[in-house]
Amino acid sequence: MLILVANLGSTSFKYRLFRMDESGGEVVAKGGYERVTDHASVIDDALATLQRDGVIASPDEIEAVGFKTVLGKDLSGCVIADQQTIDALEGFAAVAPAHNPPYANGIRQFAKALPKAKLVALFETAFYQWTSPASYNYAIPKSWRDIGIRRYGFHGASHKFIAERSAEMCEREEVGQIARRLYLDGPQTVSGKPFRVVSCHLGGSSSVTGILNGVAIGTSMGFSPQSGLPQNNRVGELDSGAIPYAMRTLGISLDEVERQLTKESGLLGISGVSNDLRDILQAAESGNADAQLSLDALVHSIRHWIGAFMLELGGLDALVFTAGIGENNAALRERVCDGLEGFGIVIDPAKNDACRAAEADIGSAASAARILVIPANEELVLAREVFRKLS
Ligand code: AMP
């Protein structure tokens, strides 16, 4: 089955075409567009390119399109992307303004461009559907909860891939299978010891998730992608009392608060340098104290959440780093693990330094928990889930 996985941003469109069957799948083509103003024309162009390059004889060969949708109002899981999905995305457009409108439009465009293909949406919130009410409820009035304000969690496809792959790397095949089939079968009882993972997705957008036997028990991200760890330019955790205080004291409007918290905060906000960690590292090395502070705040927050989930999991079998920063920044990984020997987390500095954005086990022989680097592979999760949904 040929499945196109569409990654839609407000000004970008990236795709990967997978050939999937029962035994797995492979990427047969990929491409992308930046600075997009008209998604319809780049989608048509991508399909024409695939045809011209001989990857497909006709767009009709593409049987399905998968969308990594972020947040739906009253909708999650892996669903056929229809009008209900579009309504759910638009219902929460204001909560995820950078993500929901492009996906709502993208689904409409693909329905026109590929009328015979099945469209499937896998919500980033899906991985958290089995978290406990105690972990996902905020202490707010019922009227707020009734309009859908709660912790949802994001990066579900990435953390689900970590749940699968970390189990396989730790020779826990049964847990790996449970994680893979989670959206079909739900959580399953595991024979033998529990398998406890803390997954750190550290990139332009970051989150830490606790995973027990292949199933998320909680995550650092909350109601919106403006939560949890400091993000590239979006605020992470913030006391709600800060917002009315800033509005009154700085004389700024709610729209301006929203703009500053979603565009001028996070690592950019603290460092004043950049939203890209590479620039921040350079500035910190040349003595910029604010750049150093933004790194310290990121490390502090990652450790905070690792500690929270280790306690909830009752220990740790694997600590995993993934995404742009997690895969590439050995110094940050070392700082995150610093002084955690008493908790069974001991990094091997040489293995850590030698790891180059590839799967690696960077724990020392003395480490009770495995410390793993696993490159993110969200598109593969999408392709697999679309295949399972339609099979
Ligand atoms: P992602 O959102 O997963 O693409 O990750 C983007 C983030 O990863 C940016 O903050 C980049 O600065 C960071 N990143 C990518 N490569 C490196 C690297 N070699 N060293 C440090 N950070 C990196």
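Let me begin by describing the structure that accompanies this report.

What counts as what
- Residues numbered from 1 in each chain as written.
- Predicted model: local features only at pLDDT ≥ 70, side-chain atom pairs only at ≥ 80, totals over all residues.
- Heavy atoms only, no water.
- Helix = DSSP H or I, 4+ residues; strand = E, 2+ residues; numbered from the N terminus.
- Rg over C-alpha atoms; globule rule 2.2 N^0.38 Å.
- Buried < 20%, exposed > 50% of the residue type's maximum accessible area, 1.4 Å probe, protein only.
- Contact = heavy atoms within 4.5 Å.
- Areas by Shrake-Rupley, 256 points an atom, 1.4 Å probe, with all protein chains shown as cover.
- Near = heavy atom within 4 Å.
- Polar contact = N/O pair within 3.5 Å; in protein donor to acceptor, adjacent residues only side chain to side chain.
- Nonpolar A, V, L, I, M, F, W, Y, C, P; charged D, E, K, R; others polar.
- Salt bridge = Lys/Arg side-chain N within 4 Å of Asp/Glu carboxyl O.

This part is about the overall build of the protein. Scanning the protein from N- to C-terminus turns up 17 helices and 12 strands. A globule of 391 residues ought to have a C-alpha radius of gyration of about 21 Å, and the protein, at 21 Å, matches this closely. By principal-axis analysis of the C-alpha atoms, the protein measures approximately 55 × 55 × 45 Å. Taken across its 391 residues, the protein has 53% of its residues classed as buried. Long-range contacts, defined as pairs at least 24 residues apart, comprise 63% of the intrachain contacts of the protein with a sequence gap of at least 6. Taken as a whole, the protein presents about 17300 Å² of accessible surface, with 51% of it coming from carbon and sulfur.

To continue, consider unusual backbone geometry. Glycine aside, the phi torsion of most residues is negative, and most peptide linkages are trans. A positive phi angle, close to 50°, is found at R35, a residue other than glycine. Relative to the assigned elements, R35 resides in the loop between β3 (24-33) and α1 (39-52). Unusually for a residue other than glycine, H155 sits at a positive phi of about 55°. With respect to the helices, strands and loops of the structure, H155 is situated in the loop between α5 (142-146) and α6 (156-169).

What follows concerns the site of the ligand. Around the ligand, the surrounding shell consists of G203, G204, D276, L277, R278, L281, A323, G324, I325, N328 and N329. R278 has a polar backbone atom sitting 3.3 Å from an oxygen atom of the ligand. Residue I325 places a main-chain N or O atom 3.3 Å away from an oxygen atom belonging to the ligand. Where the shell around the ligand is concerned, the elements lending two or more residues are α12 (277-285) and α14 (323-328). When residues of the shell around the ligand are assigned to their parent elements, the largest contribution, 4 residues, is made by α14. Broken down by class, the residue content of the shell around the ligand amounts to 4 nonpolar, 5 polar and 2 charged.

The next thing to look at is the environment of P225. Inspection of the secondary structure assignment puts P225 in the loop between β9 (215-219) and α9 (242-250). Residues P225 and I162, spaced 63 residues apart in sequence, show a C-alpha to C-alpha distance of 20 Å. In this structure P225 touches V95, A96, H99, F154, Q231 and R234, once residues within four positions along its chain are discounted.

Attention now goes to the pattern of salt bridges. Any two side chains of opposite charge can pair, on the condition that their charged atoms come close. Going through the model one piece at a time under the given rule, you end up with 21 salt bridges. A salt bridge links R384 to E164, with the nearest nitrogen and oxygen atoms 2.4 Å apart. Taken together, the residues span a long stretch of sequence, with R384 in helix α17 (residues 378-390) and E164 in helix α6 at a distance of 220 residues. For the residue pair R384 and E164, the accessibility class agrees, reading buried in each case. Through salt bridges with shared partners, one network takes in K160, E164, R165, E168, R180, E359, R384, E385 and R388.

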